[in-house]
Amino acid sequence: MHVIVLVKQVPDVSNIPEDAWDREKGTLRRALLDSVLNPLDLHALSFAKMLTAGDPDAKTIYLTMGPPQAKDVLIDCLSRAPGEAVLLTDRAMGGADTPATAYALAQGVRRIERELLGGSREYLIVTGMQSVDGDTAQVPPQLAEDLDIDQIAYVQGVAFTPALTFRRIGATGIEDVIPATFPTLITVTACTDTLYSSFHATRASRKATIHTWNAADVAAAPTRIGIKGSRTTVYRIFSPSEDRAKTCEMITDPAQLMTKVKAKYRLATGGPAVHEEGAYALEGREAMYHGPFWVLAESEGDGVKTVSLEILGKTRELAQFLGEKVGVLLPAVSVSDELAADLIAHGADTVYAIEDPRLAEFNALRWKAAISALVLEHRPQVMLFGATPLGRELAPRIAYASDSGLTADCTKLEIGDFKANTAILKQTRPALGGNIMATIMTKDSPTQMATVRPGVFKIPPPDPTRKGEVVRIKPNLPDMPVSTVIPVESFTSKVSIRDAKILVSGGHGIRNRVDFDALLRPLADGLTALLGDDAKVAASRHAVEDGFTTHDYQVGQTGQTVAPRLYVAIGISGAVQHISGMQMSDTVIAINKDPRARIFNYADFGIVGDLETVVPALTRAAQEAAR
Ligand SMILES: Cc1cc2nc3c(=O)[nH]c(=O)nc-3n(C[C@H](O)[C@H](O)[C@H](O)COP(=O)(O)OP(=O)(O)OC[C@H]3O[C@@H](n4cnc5c(N)ncnc54)[C@H](O)[C@@H]3O)c2cc1C
């Protein structure tokens, strides 16, 4: 089996020099950052090596797109594991957003297949789960969409017998997936063996031939690459501190921290920390887009996911500013009248129940076919998805298939002015590893699409008197072989930490299960005594994977969304998937030995230090303050 490894050159966000910060604007001067191979692509390199090991005929081809200097990352790859390398470089490809990038890469893959793989279709395209600069994870599914191939996202492992099987984080749990056809695109989240370069391999890689192709070499249409082919544009870049709900106060004295926490806890309302936007009125301005606002809802049990209702509430508010209707799309085996009525009560004017037994399980190709047909027929002006594993895999495909602009992982949505007297959807998201915020707008495309982080918007109270219509649709699904999915572990939790008022949450920074229990439980007991509410213990996904506790206690995108009055994050880095599950917490304390850990961006109070000494000190302080 041949492997094409997609890699990207990115700014080194782990090592930001002081002068790279523009203190006045609060943004980063990107040109002053070192350029490195996207660290998440290192997993793809190791994974590719596992896939090709033992097969002397298997070829590994590294592919990247970028300026001529991007050649350096190909040399880096070749020094870690041998192969061939292709650089797509052309001034006209610069400034591309994700569909323009995916299109150019797809053209590159087609030429690789023809010329470097001799026409063979027996290959996998392997890449990291996202790039640390863009953080969108949109290029891989859009590339797969262009090539009309399947994608297996968030892969964590592989087995070769009895069939080639990938273990991955799926929409509802851990799954084993056996691809039905080749080529297939794999995005890799983790691979234990990092490949290092040897001195000799580094020397050899510098002499290796790198195929350098421009737009014409891969027959890329000039209108589909670079800025011309892009469907989104960055409107504004600004500092996260302007947008941040929290400014972290660093504290060194545990007793002082407990005094402050006690005072804040008394005042806490328990309500979510959400971005509330002001009202908007057209008042003589023109709307730049026309048509309904749509939401893709995701089923969960007999209802829909919390995030779907959060987005629906926000969509209702935005649509009202422009006097437009709200549609909710719900793909399922069947949609009950009660569920449709509930969606109407939560803000839908029309519920499109897309019903087919083959929609019981999520399959990106089938779901895309069913939904993009409706998008092309009705052309909503806005379509929003949850930034869930399903939404992040599906939305890029639907956007690509319907030629729509797409912004990933939005934390703020507002109708605002664009140029003179036109109203548009402004989509704000963190970028560059959370170091900057970017407001993005859709251009040259009929539909503005975005994925929205769970836990950002409040669910408005339902109004059972609202009226709406239910449209039942039998989708025309393509008859195609689909990959076999075998569930391994379900994400449905038996224990609820959702209602806890105080959560003491531990991460991978805690070294073992014994410490996890020995450190967290006493602190939880101390806080219970101090604050008078029952404190529970929770965990990050990494801590669950380490075996410190079970998935029932996991907070985050694939765990539970919590909104306690106090959340204590211990040895947790603050990955986006964790933050999305706890950002509604009222007061957050972060304990981390790394002063630059992202978790501090979401904390009210922080202690920088070794958790092994900080946590017992905090426990003692809580016990003493409780006396
Ligand atoms: C599709 C998908 C879904 C996901 N869903 C979730 C989810 O629901 N929930 C979730 O949490 N993650 C989720 N993840 C994983 C997520 O990306 C991160 O990998 C995970 O949150 C990291 O966990 P962590 O912060 O415990 O570990 P790490 O990122 O390894 O961080 C450990 C932290 O501990 C600190 N530390 C180390 N030693 C000490 C010490 N002695 N004292 C103090 N600090 C110390 C380090 O500085 C570091 O910041 C998901 C990923 C994917 C791809």
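This text follows the structure it describes.
A. Fine view of unusual backbone geometry. A cis amide bond, omega -5 degrees, links T161 with the succeeding residue P162. Along the chain, the position of P162 falls in the loop between β9 (150-159) and β10 (165-169). For the bond from F182 to P183, the omega torsion is 0 degrees, close enough to zero to count as cis. Tracing the backbone shows P183 in the loop between β11 (173-178) and β12 (184-188). Phi at D444 is positive, roughly 50 degrees, even though this residue is not glycine. Checked against the element boundaries, D444 lands in the loop between β26 (436-442) and β27 (448-452).

B. Inspection of the sheet that holds strand β29 (residues 484-490) at higher detail. Spatial strand order, β13-β7-β6-β1-β8-β12-β9-β10-β11-β29: 10 strands in an open sheet with mixed pairing. Unpaired on one side and paired on the other, β13 (210-213) and β29 mark the two borders of the sheet. Recorded for the sheet is a direction-independent mean angle of 35 degrees between the axes of neighbouring strands. Of the pairings in the sheet, the one linking β9 to β12 comprises four bridges and is parallel in character. Residue pairing across strands places Q151 opposite L185, the latter belonging to β12. Packed onto the sheet, helix α1 (residues 41-52) meets β1 (2-6), β6 (60-65), β8 (123-128), β9 and β12 and runs at close to 155 degrees relative to β8.

C. Structural context of the site of the ligand. Taken together, 32 residues form the shell around the ligand, and within it G507, G509, R541, H542 and G556 come nearest. When contributions to the shell around the ligand are tallied by element, the ones reaching two or more residues are α14 (541-545), α15 (576-582) and α16 (611-626). Split into classes, the residues belonging to the shell around the ligand amount to 10 nonpolar, 17 polar and five charged. Both domains that furnish three or more residues to the shell around the ligand are identified here as domain 1 (2-230) and domain 2 (244-271 + 493-626).

Conventions used here
- Along each chain, the written sequence defines residue order, and numbers are assigned to residues from 1.
- Note on the predicted model: pLDDT of at least 70 is required for a residue's local features to be given, and 80 or more for side-chain atom pairs to be given and counted; whole-chain, interface and lining totals, by contrast, use all residues.
- In this description a helix means any DSSP run of H or I spanning at least four residues, a strand means any run of E spanning at least two, and both kinds are numbered starting from the N terminus.
- For two strands to count as paired, DSSP must find a minimum of two bridges between them.
- Orientation is described by axes fitted as lines to C-alpha atoms, over the contacting stretch for helices, and by angles from 0 to 180 degrees between their N-to-C directions.
- Two residues qualify as a contact pair if the distance between their C-beta atoms, derived from the backbone, is within 7 Å.
- Residues are classed as near a molecule or strand if the C-beta position derived from their backbone is within 6 Å of it.
- Polar here means any residue outside two lists: the nonpolar Ala, Val, Leu, Ile, Met, Phe, Trp, Tyr, Cys and Pro, and the charged Asp, Glu, Lys and Arg; Gly therefore counts as polar.
- Note that the domain bounds were set by an automatic or database domain assignment.

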